Amino acid sequence: FAFIFSSYNWSYELMERLLKVFIYHDGAKPIFHSPELKGIYASEGWFMKLMEADQNFVVRDPNRAHLFYLPYSARQLEHNLYVPGSNTLDPLSIFMKNYIDMISAKFPYWNRTKGADHFFVACHDWGPYTTKLHDELRKNTIKALCNADVSEGVFIRGRDVSLPETYLKSARRPVRDIGGKPAAERSILAFFAGQMHGRVRPVLVKYWGGKDADMRIYTRIPRQITRRMNYAKHMKSSKYCICPMGYEVNSPRIVEAIYYECVPVIIADNFVLPFDDALDWTAFSVVVAEKDVPRLKEILLAIPESRYITMRSNVKKVQRHFLWHTKPVKYDIFHMILHSVWFSRVNQVHQVEQ
């Protein structure tokens, strides 16, 4: 496919043949080993569930491992340790610092690379901030984060991994309700509905909310409309689905748009797109600078129809890279995340050797 970088297939095949991962058993439930499989943070839970059940990559002997997985949940950290109203993440950061101190004292593996061959997967917004009290955890570990924001000094482009945020409604059937109308039947130019979180959405609504029939931009879809056309149906009937950042740069709408075969329009200036080591996002999405929101319709109308049809066709083709399966399938989201972590580590080692 034109949207996959040529080096990716070779690197992926190599990963399938060679990669071995050791999972630390240390760490008590529910913060460790307790995947949450529904909701907007489901990516971290599904990765944990599938990694811990894996028999292909996982080894019991840590001396055979290329990578070491820290199987904790940022969502469970928040749920169990954050004190509501306290406005401090210190209890979560202290917990993580103590955990890394414990495994680095108990086992030799962390200290060999100062954590550079260790990784964790966190979709909760606070994932990056829980690393701040342990320098090696923050600077060296490969962090797979939904909150992949390069402006905050935690996410490191080229080392860390942008984790797709997948909003899953069923823990038993992660793949459901996929697809949408063919290109010719998509009557809405652009659609967004959502709360006014962060800096971009209020600007989007100010310029486009209820002002243009082609631009269906809502804080909430009016009830008289939802009776015949709900949120998912809007996405399935729109050419472009607007995916503005919320409080943080990431949004579950990007993957939702891909599921519903709607071309994602991403508005988040400091966001690193998921799997950018493998996928050419220009082939199936539109990235709009935050300052260009007032020109949004002009930008979309300037895209030729033939280009839109190609992009939408590519959205359908990339879908498989964003789907969770109860038993992982080649090139699915589980393998894509693991490949991004492996690719990061291989590049690090290569740079050291040079």
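Residues numbered from 1 in each chain as written. Predicted model: local features only at pLDDT ≥ 70, side-chain atom pairs only at ≥ 80, totals over all residues. Heavy atoms only, no water.

Caption draft 1: A look at helix 7 (residues 200–208). Among the residues of helix 7, those classed as buried are Val-200, Arg-201, Leu-204, Val-205 and Trp-208. Looking straight down helix 7, one finds its buried side chains confined to an arc of 130°; they lie on one side. If you follow the buried residues of helix 7, they end up packed against strand 6 (188–193), strand 7 (215–218), strand 8 (238–244), helix 10 (253–259), strand 9 (263–267) and helix 11 (296–301). Among the residues trailing helix 7, Gly-210 stands out with phi positive, at a value near 65°. (Buried < 20%, exposed > 50% of the residue type's maximum accessible area, 1.4 Å probe, protein only. Helix = DSSP H or I, 4+ residues; strand = E, 2+ residues; numbered from the N terminus. Arc of directions from axis to C-beta. Contact = heavy atoms within 4.5 Å.)

Caption draft 2: Expanded view of the UniProt feature "domain: Exostosin GT47" (unreviewed entry) in the protein. This chain's UniProt record puts "domain: Exostosin GT47" (unreviewed entry) on residues 16–300. Annotated as 28% helix and 14% strand, the span residues 16–300 places its first and last C-alpha atoms 40 Å apart. (UniProt positions renumbered as here; feature names shortened; annotations may be inferred.)

Caption draft 3: Representation of the domain arrangement of the protein in the model. Per the domain assignment, the segments making up the protein are domain 1 (6–170 + 327–353) and domain 2 (183–322). Listed by partner, the interface residues are 29 residues for domain 1 and 22 residues for domain 2. Approximately 2100 Å² of surface area, both sides summed, lies buried where domain 1 meets domain 2, with 57% of it carried by carbon and sulfur atoms. Considering only the surface of domain 1 that becomes buried against domain 2, Ser-162, Glu-165 and Met-336 emerge as the three largest contributors, covering 24% of it. Applying the counting rule to domain 1 against domain 2 returns one salt bridge. One salt bridge in this structure joins Arg-157 and Asp-276, with 3.8 Å as the shortest N-O distance. Scanning the region where domain 1 abuts domain 2 turns up nine residue pairs in polar contact (both at pLDDT 80 or more). With six residues, the top contributor of residues to the side of domain 1 that touches domain 2 is helix 13 (residues 333–353). In terms of residue class, the side of domain 1 that touches domain 2 is built from 16 nonpolar, six polar and seven charged. (Domains from an automatic or database assignment. Buried area = accessible area lost by both parts, 1.4 Å probe. Salt bridge = Lys/Arg side-chain N within 4 Å of Asp/Glu carboxyl O. Polar contact = N/O pair within 3.5 Å; in protein donor to acceptor, adjacent residues only side chain to side chain. Nonpolar A, V, L, I, M, F, W, Y, C, P; charged D, E, K, R; others polar.)

Caption draft 4: Inspection of the side chain of Ser-340 at higher detail. By secondary structure assignment, the location of Ser-340 is in helix 13. Of the residues examined, Ser-340 reaches a relative accessible area of 7% and is grouped as buried. Here the side chain of Ser-340 touches Asp-277 through a polar contact of 3.3 Å, side chain to side chain. Ignoring any residue separated from it by four or fewer positions in sequence, one finds Ser-340 in contact with Val-161, Phe-275 and Asp-277.

Caption draft 5: Layout of the packing of aromatic side chains. For the coordinates displayed, the defined rule picks out 25 aromatic pairs. Ring plane angle 40° and centroid distance 4.4 Å describe the contact between Phe-32 and Tyr-99, whose orientation is recorded as tilted. Of this pair, Phe-32 sits in the loop between strand 1 (21–23) and helix 2 (42–53) while Tyr-99 sits in helix 4 (residues 90–106), placing them 67 residues apart in sequence. By relative accessible area, which is 5% here, Tyr-99 ends up buried. Ring centres of Phe-47 and Tyr-69 lie 5.5 Å apart, and the angle between their planes is 85°; on these two criteria the pair is classed as edge-to-face. In this pair, Phe-47 sits in helix 2 while Tyr-69 sits in strand 2 (residues 67–69), placing the two residues 22 residues apart along the sequence. A relative accessible area of 0% places Phe-47 in the buried class. In this structure, Lys-239 packs its charged tip against the face of Tyr-308, placed 5.0 Å from the ring centre. (Phe/Tyr/Trp six-rings, centres within 6.5 Å; stacked < 30°, edge-to-face > 60°. Lys NZ or Arg CZ within 6 Å of the ring centre and 35° of its normal.)

Caption draft 6: How the structure looks around the pattern of salt bridges. By the definition in use, this model includes 20 salt bridges. Two residues, Glu-36 and Arg-75, come together in a salt bridge whose shortest N-O distance is 3.2 Å. You can see Glu-36 sitting in the loop between strand 1 and helix 2 and its partner Arg-75 sitting in helix 3 (residues 74–81), a full 39 residues away along the chain. For Glu-36, a relative accessible area of 27% translates into the label partly exposed. For Arg-75, a relative accessible area of 17% gives the class buried. The partner of Asp-135 in a salt bridge is Arg-138, and the shortest N-O contact between them spans 2.9 Å. Here the residue Asp-135 and the residue Arg-138 both occupy positions in helix 6 (residues 135–139), the gap between them amounting to three residues, near one helical turn. When salt bridges with common partners are traced through the structure, they connect Lys-291, Asp-292, Arg-295 and Glu-298 into a single cluster.

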